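Here's the letter readout for the chains.
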Amino acid sequence: MSEALVDRIDKALRDVPDFPKPGIMFKDITTVLQDPELFRDIIDSLKERYEGKGITAVVGIESRGFIFGAPLAKDLGVSFVLVRKPGKLPSKTIGVDYALEYGTDRLEIHADAVGPDDRVLIVDDLLATGGTAAAAVKLVRELGAEVVESAFLIELGFLHGRAKLEGDAHAMLVI
Ligand code: AMP
């Protein structure tokens, strides 16, 4: 991936201090999406990285993982699968609870969304502590599929989230 693209992503991101609570610097990707050439180049760069790798499904994590995951799946010509917050998916699901800073959260996937023949790429906008992506990895593995890699637009490197992930992680911009 070109340094110029990393630089464009960095410049396009909007930092929103103290959102959703004091002390958090929120990395707002809506300003990236408002630049259609940048959005296209991000998806093209991910496509270049993953085509020919035998990926059969892209799994997007609700909700910003859908924004980057769905066009990538379409460009790779593979299935797109949704990992969602509890109670959102209509058919039979499996779920996993994971720890947050305070309390727990839960993610679910349709039980028939992937299986033992699948090679999966997980996609989300941002890797922070890694709890969310680690839960998605767990769900995919529970269904018998292989996780090839987890891909993020942004990684907050100082939180060491990738240590929580089984399998490789790729981030376009590490902060
Ligand atoms: P974590 O489970 O800590 O890795 O958090 C990752 C999830 O929370 C992703 O779905 C992100 O969209 C969101 N998130 C966490 N921290 C931030 C942040 N500083 N800015 C934007 N999104 C964040």
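Undergrad: Just to check I follow, could you spell out the site of the ligand for this structure?
TA: Contacts to the ligand come from 13 residues, most closely from Arg64, Asp125, Thr129, Gly130 and Thr132. A distance of 3.4 Å is found between an oxygen atom of the ligand and a backbone nitrogen or oxygen belonging to Gly131. Within the contact set of the ligand, an oxygen atom lies 2.5 Å away from a side-chain nitrogen or oxygen of Thr132. The protein chains hide 82% of the 480 Å² of surface that the ligand would expose on its own. The site holding the ligand turns out to be the largest pocket. Elements with a minimum of two residues in the shell around the ligand: strand S2 (25–28), strand S7 (119–127) and helix H5 (131–142). Tallied by class, the residues present in the shell around the ligand amount to five nonpolar, four polar and four charged.

Undergrad: Even after reading the chapter, I still don't get empty space enclosed by the protein, so can you show me in this structure?
TA: Empty space among the atoms can be located by rolling a probe the size of a water molecule over them. As enumerated under the stated definition, the model contains one cavity of 30 Å³ or more in all. Of the pockets and cavities examined, the largest cavity occupies roughly 50 Å³. Lining the largest cavity, in full, are Ile42, Leu46, Phe68, Val123, Asp124, Ala151, Phe152, Leu153 and Met172. Sorting the residues of the lining of the largest cavity by element identifies helix H3 (36–50), S7 and strand S8 (146–155) as the ones contributing at least two each. Per-element accounting of the lining of the largest cavity gives the leading share, three residues, to S8. Residue composition of the lining of the largest cavity, grouped by class: eight nonpolar, no polar and one charged.

Undergrad: Looking at this model, I keep getting lost on the nonpolar core. Mind explaining?
TA: The tendency in soluble globular proteins is for nonpolar side chains to be buried as a group. The biggest cluster of nonpolar side chains holds 27 residues, and the ones touching the most others in it are Ile9, Ile42, Leu121 and Leu153. Elements with a contribution of two residues or more to this core: helix H1 (3–12), H3, helix H4 (64–76), S7, S8 and strand S9 (168–174). A per-element tally of this core places H3 first, with five residues. Counting residues in hydrophobic clusters, the runner-up holds 26 residues, among them Ala135, Ala136, Phe152 and Ala169.

Undergrad: Explain the pattern of salt bridges to me, please; I cannot follow it from the model alone.
TA: Oppositely charged side chains are able to pair whenever their charged atoms sit close together. In the structure shown here, the tally under the stated rule is 14 salt bridges. In this structure, Arg14 engages Asp28 in a salt bridge whose closest nitrogen and oxygen atoms are separated by 2.9 Å. Within this pair, whereas Arg14 is found in strand S1 (residues 14–17), its partner Asp28 is found in strand S2, the two being separated by 14 residues in sequence. Judged by its relative accessible area of 42%, Arg14 falls in the partly exposed class. Asp125 is paired through a salt bridge with Arg64; the nearest N and O atoms lie 2.6 Å apart. One end of the pair, Asp125, is in strand S7; the other, Arg64, is in helix H4, with 61 residues separating them in the sequence. Shared partners join several salt bridges into a network, and the residues in it are Arg8, Arg40 and Asp41.

Cut-off values and rules
Residues numbered from 1 in each chain as written. Predicted model: local features only at pLDDT ≥ 70, side-chain atom pairs only at ≥ 80, totals over all residues. Heavy atoms only, no water. Near = heavy atom within 4 Å. Polar contact = N/O pair within 3.5 Å; in protein donor to acceptor, adjacent residues only side chain to side chain. Areas by Shrake-Rupley, 256 points an atom, 1.4 Å probe, with all protein chains shown as cover. 1 Å grid on protein atoms, 1.4 Å probe; cavity = no way out; pocket = protein on both sides within 12 Å on 5 of 7 lines; lining within 4 Å. Sits in = over half its atoms within 2 Å of the grid points. Helix = DSSP H or I, 4+ residues; strand = E, 2+ residues; numbered from the N terminus. Nonpolar A, V, L, I, M, F, W, Y, C, P; charged D, E, K, R; others polar. Points joined across faces, edges and corners; volume = space filled by probe spheres on them. Core = buried A, V, L, I, M, F, W, Y, C linked by side-chain atoms within 4.5 Å. Buried < 20%, exposed > 50% of the residue type's maximum accessible area, 1.4 Å probe, protein only. Salt bridge = Lys/Arg side-chain N within 4 Å of Asp/Glu carboxyl O.

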